[in-house]
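Here's the letter readout for the chains.
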Amino acid sequence: MMRFAKLAEVVVAVVVGMQGLAAAPGNAATDPGVITEFPVTTANSGPIGIAGGPDGNLWFTQFNGNRIGRTTPSGVVTEFPVTTANSGPSGIAGGPDGNLWFTEYTGNRIGRITPSGVITEFPLPGVDSRPSGIAGGPDGNLWFTEYYGNAIGRITPSGVVTEFPVTTANSRPRGIAAGPDGNLWFTEAIGNAIGRITPSGVVTEFPVTTANSQPWWIAAGPDGNLWFTESTGNAIGRVTPSGVVTEFPVTTTSSGPYGIAAGPDGNLWFTERAENKVGRVTPSGAVTEFPVTTANGSPYGIAAGADGNLWFAEGSFSANKIGRITSGVSAADRRPGLAGSGQVGLPLVCGADVWGPKSSVTVSWQRAGAAVAGESGLVYTPTAADLGAVVTCTSTARLPALLTTMSAVSNPITVVAQLTGPTGQTGQTGPAGPPGANGVAQLAAVWVPGVKSVKAGKKLRVKYGVTHAATLKFTLKGKKTLTKRGKAKAGINTLKWKLPKRLKPGKYRLRLSFQDKVKATTKVKVKK
């Protein structure tokens with residue numbers, strides 16, 4: 001799994017369909033639970049671990065095949081042999097250096113593979129520590145568990161290894177993940193506990209309620225907690241950063257929960273190795289199961305891909321496949337709406353915040369498919385260099401606890417020379433729109449992503465982008481409705497609105513309207 005990144009809470013910005021302009025498409029999600037499988041080239045290779053890579057592909061370990069595999073989102077598999085014979089590649093994770101890092105369970109090494117497939121190995125100090133799980137840490141290093149060594153290891157991107165012993169003897173540390181609290185969290189399969197280790201190496205342990213549950217793998221959840229599988233406890237566990245453990249039973253008995261990962265749908269997804277299923281658990285603990293198509297596929301590791309799907313490794317010799325299961329969230333469903341006349345000198349606005357609440361969004365712009373240097377805002381004004389070219393914007397998001405990013409490209413707009421139109425309803429003439437039309441009436445607007453909160457009696461400041469200069473109406477609606485009018489220039493503007501001291505605290509909705517048509521809406525929290 002890739003390095004955990006602390007996420008800023010972002011409120012959704014919405015583009016409402018504009019007459020005569022390209023509207024933001026509907027987000028009709030793909031049905032969840034649809035499974036597709038792709039065979040691995042090397043027979044009986046035993047795929048086990050899997051992680052999303054920085055190149056948009058999925059990378060997996062082949063325990064018996066002694067290889068690292070790579071599959072594209074379309075299922076094209078490439079394999080890279082590990083130098084040390086019979087090394088037993090096991091866990092795998094994305095590193096801060098843009099490479100993939102993996103454990104060699106029987107080879108007693110930590111491996112590194114570049115996106116081009118170049119492998120480097122680093123031996124561990126212990127004789128037979130059996131490194132198992134691995135994860136990127138908040139300190140820029142990789143952290144791993146030593147199943148036999150009863151320790152947590154840390155390796156720098158240059159290969160320097162440090163080991164920290166686990167307090168409970170013979171606890172058998174297995175899975176590991178970065179938590180939202182800046183620490184690393186790990187499972188103790190025999191110790192029946194969840195461990196926490198600080199970047200400085202201080203270990204704390206929290207017992208799991210069910211005896212002999214064998215906690216196996218662990219992942220950060222979108223709710224700010226850590227979630228783990230109980231291999232013999234037949235349950236999914238949740239532990240808060242303060243160490244409070246809650247368990248949720250899996251419907252199918254003796255299912256052998258194994259891998260677990262956060263999905264882009266805000267749920268956790270896990271594999272059931274013994275019963276050949278993939279499960280989904282909501283933050284409230286509701287479990288749904290989906291059977292794997294291939295009999296005795298024995299799904300092991302699972303990871304989210306940049307395509308919005310979950311990917312899992314089928315480790316049995318008879319299966320020897322990589323599976324893909326839809327989460328219900330597809331990058332294609334999150335296409336941002338690009339709006340504007342497309343004329344040189346008149347702004348285009350990108351409705352890029354289409355990934356849902358609490359997503360961290362960045363925007364980039366493309367001219368004929370190539371990146372436009374230095375452009376990263378929601379508004380872009382075409383220049384003469386864009387004339388005749390197709391312009392698009394791309395919304396890239398990191399969702400809460402998701403260890404890989406998702407991207408979607410907008411609808412295209414071809415740039416044309418400025419057109420001169422007749423006098424419009426606002427009395428403006430000139431480059432307002434195409435001949436015979438009132439371009440200003442087709443104004444499009446978006447709110448700039450960001451947390452929008454203000455204290456009663458203080459000034460609300462919210463940035464927004466519009467395609468045309470115009471007089472706008474702002475409405476703040478909640479426990480009370482307030483209105484304000486203001487003039488905006490084409491491009492990015494800032495709404496400055498001093499709210500009444502007696503305005504009741506609570507959740508409000510802020511609307512931007514032009515000529516009585518709502519153009520954009522977002523949430524505002526008014527505090528005491």
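Thresholds applied
The numbers attached to residues start from 1 for each chain and follow its sequence in the written order. With pLDDT at 70 or above as the cut-off, local features in this predicted model cover only qualifying residues; side-chain atom pairs require 80 or more to be listed or tallied, and sums for whole chains, interfaces and linings still use all residues. Heavy atoms from the whole structure form the basis of all side-chain values; hydrogens and water molecules are not counted. Here a helix means four or more residues in a row that DSSP labels H or I, a strand means two or more in a row labelled E, and each is numbered from the N terminus. When accessible area is computed with a 1.4 Å probe and restricted to protein chains, residues below 20% of their type maximum are described as buried, those above 50% as exposed, and intermediate ones as partly exposed. Every residue pair with non-hydrogen atoms within 4.5 Å of one another is taken to be in contact. Areas reported as accessible are Shrake-Rupley estimates using a 1.4 Å probe. Residue values count occlusion only from the protein chains shown. Exposure above 30% relative accessible area and the absence of a salt bridge qualify a residue for a patch, where like charges join within 9 Å and nonpolar side chains (Val, Leu, Ile, Met, Phe, Trp, Tyr) within 5 Å. Counted as salt bridges are all cases of a side-chain nitrogen of Lys or Arg within 4 Å of a carboxyl oxygen of Asp or Glu. When charges are counted, Lys and Arg contribute as positive and Asp and Glu as negative, whereas His and the chain ends are disregarded. In plain terms, the charge of a residue is placed at NZ if it is Lys, CZ if Arg, CG if Asp and CD if Glu. Here, a strand pair is defined by DSSP locating no fewer than two bridges between the strands. For every element, the axis is a line fit to its C-alpha atoms; helices are fit only across the contacting stretch, and the angle between N-to-C directions ranges from 0 to 180 degrees. By nonpolar core is meant a set of buried Ala, Val, Leu, Ile, Met, Phe, Trp, Tyr and Cys residues that side-chain atoms within 4.5 Å join together. Summary of the metric used: pLDDT quantifies the predictor's per-residue confidence within the range 0 to 100. Distance and chemistry together define a polar contact, namely a pair of N or O atoms within 3.5 Å, with one atom able to donate a hydrogen and the other to accept it when in protein, and with adjacent residues in sequence counting only for side-chain atoms on both sides. Put simply, two rings from Phe, Tyr or Trp (the six-membered ring, in Trp's case) pair if the centres are within 6.5 Å, and we call them stacked under 30 degrees between planes, edge-to-face over 60, tilted for the rest. Each ring is checked for a lysine NZ or an arginine CZ that lies within 6 Å of its centre and within 35 degrees of its normal; such an atom marks a charge sitting over the ring.

Peer 1: Before we go on, may I ask you to explain the overall build of the chain in this structure?
Peer 2: A tally of regular secondary structure across the chain gives zero helices and 45 strands. Burial status across the chain gives 59% buried among its 528 residues. Long-range pairs, those at least 24 residues apart, make up 50% of the contacts in the chain between residues at least 6 apart in sequence. A total accessible area of about 20,100 Å² is found for the chain, and carbon and sulfur atoms account for 52% of it.

Peer 1: Explanation requested: a positive patch on the surface in the structure shown.
Peer 2: A contiguous patch of positive charge on the surface is contributed by Lys455, Lys458, Lys459, Arg461, Lys496, Lys498, Lys501, Lys507, Arg509, Lys523, Lys525 and Lys527. Counting residues per element, the positive patch draws most heavily on strand S45 (residues 517-527), at three residues. Along the polypeptide, Lys459 turns up in strand S40 (residues 459-466).

Peer 1: I tried to follow the sheet that holds strand S20 (residues 226-230) on my own but got confused; where do I start?
Peer 2: The strands making up a sheet are joined through hydrogen bonds of the backbone, oriented either antiparallel or parallel. Strand order in the open sheet formed by four strands is S19-S20-S21-S22, and the pairing between neighbours is antiparallel. The open sheet terminates on both sides in strands that have one partner only, identified here as strand S19 (215-220) and strand S22 (245-249). Sheet twist, expressed as the average angle between the axes of neighbouring strands with direction ignored, equals 25°. Sheet topology note: the S20/strand S21 (residues 235-239) ladder contains five bridges and is antiparallel. Each bridged residue has a counterpart across the sheet, and for Leu226 the counterpart in S21 is Val239.

Peer 1: Even after reading the chapter, I still don't get the nonpolar core, so can you show me in this structure?
Peer 2: Burial of nonpolar side chains together is a common tendency in soluble globular proteins. Core analysis: the largest hydrophobic core is formed by 40 residues, its most contacted members being Ile325, Trp355 and Trp365. Among the secondary structure elements, those contributing two or more residues to this core are strand S27 (299-304), strand S28 (309-314), strand S30 (337-339), strand S31 (348-351), strand S32 (360-367), strand S34 (379-380), strand S35 (390-398) and strand S36 (406-409). Excluding residues within four positions of it along the chain, Trp355 makes contact with Ala331, Arg334, Val361, Ser395, Thr396, Ala397, Leu399, Met406, Ser407 and Ala408. By size, the runner-up hydrophobic cluster in this structure holds 30 residues, among which are Ala177, Ile260, Phe270 and Tyr300.

Peer 1: Which parts of the structure should I look at to understand the environment of Gly356?
Peer 2: Note on placement: Gly356 falls in the loop between S31 and S32. A C-alpha to C-alpha distance of 26 Å links Gly356 and Thr381, two positions 25 residues apart in sequence.

Peer 1: Would you mind showing me how to read the sheet that holds strand S15 (residues 173-178) here?
Peer 2: Taken in spatial order, the four strands of this open sheet run S15-S16-S17-S18, and their pairing is antiparallel. Unpaired on one side and paired on the other, S15 and strand S18 (203-207) mark the two borders of the sheet. Within this sheet the neighbouring strands show an average axis-to-axis angle of 25°, counted without direction. Judged from the four bridges that link them, S15 and strand S16 (residues 184-188) form a sheet pairing that is antiparallel. Looking at the pairing, Ile176 lines up with Phe186 of S16.

Peer 1: How should the environment of Asp353 be read in this particular structure?
Peer 2: You can see Asp353 is positioned in the loop between S31 and S32. Separated by 125 residues in sequence, Asp353 and Phe228 place their C-alpha atoms 31 Å apart.

Peer 1: I would appreciate a short explanation of the confidence of the model for the chain in the present structure.
Peer 2: Any region with low pLDDT has predicted coordinates that should not be read closely. Chain-level pLDDT for the chain is 89 on average; 90% of the residues reach the 70-or-more range. pLDDT under 50 marks residues 432-439. Its contacts with residues more than four places away, or in other chains, come to 22 contacts.

Peer 1: It is not clear to me how the pairing of strand S11 (residues 131-136) should be interpreted in this structure. Could you clarify?
Peer 2: Consecutive side chains along a regular strand alternate between the two faces of the sheet. The element S11 is largely enclosed, with a buried count of six among its six residues. With four bridges joining them, S11 and strand S12 (residues 142-146) adopt antiparallel strand pairing. Looking across to S12, one finds that Pro131 is bridged to Glu146. In this structure, the hairpin formed by S11 and S12 is closed by a connection of five residues, where Gly140 is found at a positive phi of approximately 85°.

Peer 1: Whenever I open this one, the environment of Ala490 confuses me. Can you help?
Peer 2: Tracing the sequence through the fold places Ala490 in the loop between strand S42 (481-488) and strand S43 (491-498). In the structure, Ala490 is positioned 452 residues away from Phe38 in sequence and 50 Å away in space, judged by C-alpha atoms. Among all residues touching Ala490, those that are not within four sequence positions of it are Pro347, Val466, Thr467, His468 and Ala469.

Peer 1: Whenever I open this one, the side chain of Arg334 confuses me. Can you help?
Peer 2: Along the chain, Arg334 turns up in the loop between strand S29 (321-326) and S30. Within the structure, the side chain of Arg334 is placed 3.5 Å from the backbone oxygen of Val354, a separation counted as a polar contact.

Peer 1: Help me understand the packing of aromatic side chains, please; the structure alone is not making it clear to me.
Peer 2: Between two aromatic rings, the relevant description is the distance of the centres plus the angle of the planes. Scanning the entire structure with this criterion turns up 17 aromatic pairs. Residues Phe38 and Trp311 carry aromatic rings whose centres are separated by 5.8 Å and whose planes lie at 20° to one another, so their mutual orientation is stacked. One end of the pair, Phe38, is in strand S2 (residues 35-39); the other, Trp311, is in strand S28, with 273 residues separating them in the sequence. Taking the relative accessible area as the measure of exposure, Trp311 reaches 0% and is therefore buried. An aromatic cluster is built from Phe63, Tyr105, Tyr147 and Tyr148, whose rings are joined through pairwise contacts. A cation over a ring is seen here: Arg172 above Tyr147, with NZ or CZ 5.5 Å from the ring centre. For Arg174, the ring lying beneath its charged end belongs to Tyr147, and the centroid distance is 4.7 Å.

Peer 1: Is there a simple way to think about the side chain of Lys452 in this case?
Peer 2: With respect to the helices and strands, the residue Lys452 is situated in the loop between strand S38 (445-447) and strand S39 (453-455). Note on Lys452: relative accessible area 7%, which makes it buried. A polar contact is formed between the side chain of Lys452 and the backbone oxygen of Val448, at a distance of 2.9 Å.

Peer 1: Quick question: what am I supposed to make of unusual backbone geometry here?
Peer 2: In terms of backbone geometry, most residues other than glycine have negative phi values and most peptide bonds are trans. A positive phi angle is found at Asn44, which is not glycine, with a value near 55°. Note on placement: Asn44 falls in the loop between S2 and strand S3 (47-52). Taking relative accessible area as the criterion, Asn44 reaches 40% and is therefore assigned partly exposed.

Peer 1: Is there a simple way to think about the pairing of strand S41 (residues 470-477) in this case?
Peer 2: Two elements, S41 and S42, share eight bridges in a ladder whose sense is antiparallel. In the sheet register, Lys477 faces S42, and the bridge partner there is Thr481. Counted between consecutive antiparallel strands, the loop separating S41 from S42 contains three residues. Bridge count for S41 against strand S44 (residues 506-514) is five bridges, and the pairing is antiparallel. Across the sheet, Thr475 pairs through a bridge with Arg511, a residue of S44.

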